[in-house]
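# Breakdown of the fold
If you want the building blocks of each chain, they are given just below.
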Amino acid sequence: MPFKLGSTRKGFNIPSNIEIKKSPLESDTIAEARNDGTIVINSEKNVTGDMLNRAVKHEMKHMCDMEEGRADYGENWVMWEGNIYIRKNGMIDGPNGRWPEGDEHHPWEAEAIAAEKA
């Protein structure tokens, strides 16, 4: 069932057009930003406290990048700053080489990881 955090509830600054909901995700995934305006938290993991805070900040960075046109994705590709990178079998052939999805070597992930600490 979806839930909304509102604009500043629980210390998050979430725009009202962003919906945060819980749903099952792949077992190693904590959260994901979707290009439909939702952030999904893995309902099969106990994501609370600091982990929830970091996950929301991380995914909000991805949401902002998509809103600004810096990032986008499809089933078999990722776009970053106007360049398309192929994703296949959990790997992305990104600007810094072939790394697993979510890896810090991808520049979009490095920026989202930095946003967790902001």
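Note: the structure precedes this text.
Summarised in this report is the structure supplied together with it. Small disclaimer: the values here were computed from a predicted structure and weren't measured. (Residues numbered from 1 in each chain as written. Predicted model: local features only at pLDDT ≥ 70, side-chain atom pairs only at ≥ 80, totals over all residues. Heavy atoms only, no water.)

Another point: the overall build of the protein. Each helix and strand counted, the protein has two helices and nine strands in total. Element order for the protein, N to C, with α for helix and β for strand: β-β-β-β-α-β-β-β-β-β-α. Burial analysis of the protein (118 residues in total) assigns 36% to the buried set. Excluding contacts between residues fewer than 6 apart, the proportion of contacts in the protein whose partners are at least 24 apart in sequence is 26%. A total of about 7200 Å² of accessible surface is found on the protein, and carbon and sulfur atoms cover 48% of it. (Helix = DSSP H or I, 4+ residues; strand = E, 2+ residues; numbered from the N terminus. Buried < 20%, exposed > 50% of the residue type's maximum accessible area, 1.4 Å probe, protein only. Contact = heavy atoms within 4.5 Å. Areas by Shrake-Rupley, 256 points an atom, 1.4 Å probe, with all protein chains shown as cover.)

Let us look at the pairing of strand E6 (residues 77–80). Consecutive residues of a regular strand have side chains that alternate between opposite faces of the sheet. By the bridge criterion, four bridges tie strand E5 (residues 71–74) to E6 in an arrangement that is antiparallel. In the sheet register, Tyr-73 faces E6, and the bridge partner there is Val-78. With antiparallel pairing between neighbouring strands as the criterion, E5 and E6 make up a hairpin whose turn holds two residues. Bridge analysis of E6 against strand E7 (residues 83–88) gives four bridges, and the strand direction is antiparallel. Residue pairing across strands places Val-78 opposite Tyr-85, the latter belonging to E7. In this antiparallel pair of consecutive strands, E6 and E7, the connection spans two residues, and Glu-81 shows a positive phi of 50°. (Pairing = 2+ DSSP bridges.)

On to the packing of aromatic side chains. Given two aromatic rings, their pairing is described by the distance between the two centres and the angle made by the two planes. Evaluation of the coordinates by the stated rule reveals two aromatic pairs. Ring geometry for Trp-80 versus Trp-108: centroids 6.1 Å apart, planes at 55°, classification tilted. One end of the pair, Trp-80, is in strand E6; the other, Trp-108, is in helix H2 (residues 107–116), with 28 residues separating them in the sequence. Across this residue pair, the class does not change: Trp-80 and Trp-108 are buried. Grouped by ring-pair contacts, the aromatic residues Trp-80, Tyr-85 and Trp-108 constitute a single cluster. (Phe/Tyr/Trp six-rings, centres within 6.5 Å; stacked < 30°, edge-to-face > 60°.)

Attention now goes to the packing of helix H1 (residues 49–67) against H2. One can describe the packing of H1 onto H2 by two numbers: an axis separation of 8 Å at closest approach and a directional angle of 135°. What the angle tells us is that H1 and H2 run oblique. When the axes of H1 and H2 are compared, the crossing they make is right-handed. Where H1 abuts H2, its residues Arg-54, Lys-57, His-58, Lys-61, His-62 and Asp-65 lie against Trp-108, Glu-109, Glu-111, Ala-112, Ile-113, Ala-115 and Glu-116. (Axes fitted to C-alpha atoms, helices over the stretch in contact; angles between N-to-C directions. Parallel < 35°, antiparallel > 145°, perpendicular 65-115°, else oblique. Left-handed = near helix turned anticlockwise from the far one by under 90°.)

Our focus in this paragraph is the nonpolar core. The biggest cluster of nonpolar side chains holds 19 residues, and the ones touching the most others in it are Ile-39 and Ile-41. When residues of this core are traced back to their parent elements, those giving at least two are strand E3 (31–33), strand E4 (38–42), H1 and E6. The element best represented in this core is H1, accounting for five residues. (Core = buried A, V, L, I, M, F, W, Y, C linked by side-chain atoms within 4.5 Å.)

A word on the side chain of Asp-65. Its location among the elements puts Asp-65 in helix H1. For Asp-65, a relative accessible area of 0% gives the class buried. The residues touching Asp-65, leaving out its near neighbours within four places in the chain, are Arg-70, Ala-71, Trp-80 and Glu-111.

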